[in-house]
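Architecture and fold: a report
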Amino acid sequence: MKDAWGREIDYMRVSITDRCNLRCRYCMPESGLEMKCHEDILSYEEMLEILSVAASLGFRHFRVTGGEPLVRRNVVSFLERLSHVPGVDDLSITTNGILLFDMAEDLKKAGVHRVNISLDTLRPARFAEITRGGDWRRVWMGLERAIEVGFDPVKINVVAARGINDDEWEDFARLTLHMPVHVRFIEIMPLGQGESWADRFVPAREVLGTLMRMGEIRPVHVAGSGPAQYVRLDGAKGSIGVISAISQHFCSDCNRMRLTADGKLSPCLASGEEVDLSSAIRGGADREELIALFERAVLIKPARHCMEPCKKGEGMVSERKMYRLGG
Ligand code: SAM
Ligand code: SF4
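Just so we're clear, the structure is a prediction, and the values are computed from it rather than from any experiment.

A look at the overall build of the protein chain
- Within the protein chain one finds 10 helices and 12 strands.
- Sequence-distant contacts, at least 24 apart, represent 76% of the contacts inside the protein chain between residues at least 6 apart.
- Just so you have it, the protein chain exposes about 13,900 Å², and 49% of that area is on carbon and sulfur atoms.

As C-alpha cells, this is what we get:
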C-alpha cells in the first residue's frame, strides 16, 4: 500500500497485550496502571482476520510485541498460525526476554524468524533497578538460548540513557566481538507513562562518537535493519547500530503501521489518530469494509512525527503509551 507521501507501507507491528511482567521506569508506572479489560482485547482469531487482510494488501513484515508478548497465553500457537498466513514473509517478536529461555525453541518451531530482546544494562543489580525487580540472569539465559536455537539475527535493544548506562556502551559493543548479536542503541522517546527521563536523553550520534573511540569501526549492512545505522568493530561476530528516531528522524522511510491489542490501527507512534478496527470487526464488517479502513489508516499517516527530545522538567506522561503501541 502507498501512503499519501508515496511511501510503501508493508510493515505491521502488532501489540498483542498491554500487560507486562516488568515495570521499566521509563515505560510504566510502578502501580496504578490502567489495563484494558479482557473483553476489550482482540481475540487471536480477530487479530488473525485483521492481519490476513493486511497481508492480502501487501504487508510482508510482521513484528509481534506488547506490553510483553510472551505473557499472553497461547502466544506460540498464535504465532504459528500467523506464520502460515499467505503473505507473511517475515515474522519477528520484541520481548524483554524474561520468559525466553523456556520458549525460544517453540517460537523457532512456530515460524518466528527473528527476535529482538530489550536489555538496557549488563549489570544484574542495575537491571533490577531499571525494571523494578527484574532478574537479569533470566534474560541473559533467554538471549543465549535464542542464539542456540538458531535465531538470526538476535538483536539487543538498549535505550541509551545518561547516568543510567552511559558507562556500559563500550561493554555492549564488546559483546559483539564474541557473540553473534546486533546491539542497537535507541534514543529515549517522550512517550510512556513512566518516570521522566528527560534529563537522560542522549542523541544517537553521541553514542556513535563514544564507540568510534574504541578502535576501527566500519559501516555494515544488516538484513531487516530498518531505520538503524550499523557499524562493526574489526573482527566482531556481531554489529552495533544506532537509531536516531528523535534527533534525526527517519520518517521519510517509515513503512510502518501499528495494531494495538484493543484493535486500533495507529499510523504513527506520535500521532493521536487511530482507526477503530475492533468495533468494525465486532459489528460484523466484511473483508471489503476492513480493506476500506486500512486504506483510511494509510492515508492519514502523517509525513513525519513532531516529537522532540523530552524537555527538562517535563514528565513522560503521554496519551501515547509505549506498552500499548508496542514500541
Ligand atoms: N516488553 C517488550 C520489550 O520490552 O521488549 C516489548 C514492548 S516494549 C514497549 C518495546 C521497546 O520499546 C523496548 O525495547 C523498550 O525499551 C522500548 N521503549 C519503551 N518505552 C520507551 C521510550 N520512552 N523511549 C524509547 N524506547 C522505549
Ligand atoms: Fe514491559 Fe517492555 Fe515496557 Fe519494559 S519496556 S515495562 S518490558 S513493555
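Let's talk about the site of ligand 2
- C20, L22, C24, C27, M28, G67 and N96 make up every residue found near ligand 2.
- Looking at side-chain class alone, the shell around ligand 2 contains five nonpolar, two polar and no charged residues.

Re the packing of helix α1 (residues 44-56) against helix α9 (residues 287-299)
- For the pair α1 and α9, interaxial distance at closest approach is 10 Å and the crossing angle is 70 degrees. Put simply, α1 runs roughly perpendicular to α9. Once α1 is placed against α9, the crossing between them reads as right-handed. Side by side, α1 and α9 meet where E49, I50, S52, V53, A54 and S56 of the first sit next to R287, L290, I291 and F294 of the second.

So, the site of ligand 1
- Around ligand 1 there are 19 residues in total, and Y26, G67, S118, M189 and L191 lie nearest to it.
- Between E68 and ligand 1, the recorded distance is 3.3 Å, taken from a side-chain N or O atom to a nitrogen atom.
- At 3.3 Å from an oxygen atom of ligand 1 is found a main-chain nitrogen or oxygen belonging to T95.
- Coverage of ligand 1 by the protein chains reaches 94% of its 550 Å² of free accessible surface.
- Tallied by class, residues from the shell around ligand 1 come to eight nonpolar, nine polar and two charged.

Overview of the side chain of E68
- With respect to the helices, strands and loops of the structure, E68 is situated in the loop between β2 (61-65) and α2 (75-83).
- Only 2.8 Å separates the side chain of E68 from the backbone nitrogen of N96, close enough to count as a polar contact.
- Non-local contacts of E68, meaning those with residues more than four positions away in its chain, are made with T17, R19, C20, N21, T95 and N96.

Quick notes on the pairing of strand β10 (residues 256-259)
- Here β10 shows no split at all, with R256 and R258 on one side and M257 and L259 on the other all buried.
- Examined bridge by bridge, β10 and strand β11 (residues 264-266) share two bridges and lie antiparallel to one another. Within β11, the position partnered with L259 by the bridge is L265.
- Hairpin connection between β10 and β11: a loop of four residues separates the two successive antiparallel strands, and G263 in this loop has a positive phi of roughly 85 degrees.

Notes on unusual backbone geometry
- P153 follows D152 through a cis peptide bond whose omega is 0 degrees.
- Along the chain, P153 turns up in the loop between α5 (136-148) and β5 (154-159).
- One non-glycine residue, N74, lies in the positive phi region at around 60 degrees.

Some details on the pattern of salt bridges
- Counted by the stated rule, this structure contains 21 salt bridges.
- Salt-bridge contacts for E46 lead to R282; the nearest nitrogen and oxygen are separated by 2.9 Å. Of this pair, E46 sits in helix α1 while R282 sits in helix α8 (residues 277-282); the two residues are 236 residues apart in sequence, bridging distant segments of the chain.
- The partner of R218 in a salt bridge is E216, with the nearest N and O atoms 2.6 Å apart.
- The network of salt bridges with common partners includes K36, D262, K264 and D276.

Here is what the cut-offs are and how they apply
- Residues numbered from 1 in each chain as written.
- Chains lettered and ligands numbered in written order.
- Predicted model: local features only at pLDDT ≥ 70, side-chain atom pairs only at ≥ 80, totals over all residues.
- Heavy atoms only, no water.
- Helix = DSSP H or I, 4+ residues; strand = E, 2+ residues; numbered from the N terminus.
- Contact = heavy atoms within 4.5 Å.
- Areas by Shrake-Rupley, 256 points an atom, 1.4 Å probe, with all protein chains shown as cover.
- Near = heavy atom within 4 Å.
- Nonpolar A, V, L, I, M, F, W, Y, C, P; charged D, E, K, R; others polar.
- Axes fitted to C-alpha atoms, helices over the stretch in contact; angles between N-to-C directions.
- Parallel < 35°, antiparallel > 145°, perpendicular 65-115°, else oblique.
- Left-handed = near helix turned anticlockwise from the far one by under 90°.
- Polar contact = N/O pair within 3.5 Å; in protein donor to acceptor, adjacent residues only side chain to side chain.
- Buried < 20%, exposed > 50% of the residue type's maximum accessible area, 1.4 Å probe, protein only.
- Pairing = 2+ DSSP bridges.
- Salt bridge = Lys/Arg side-chain N within 4 Å of Asp/Glu carboxyl O.

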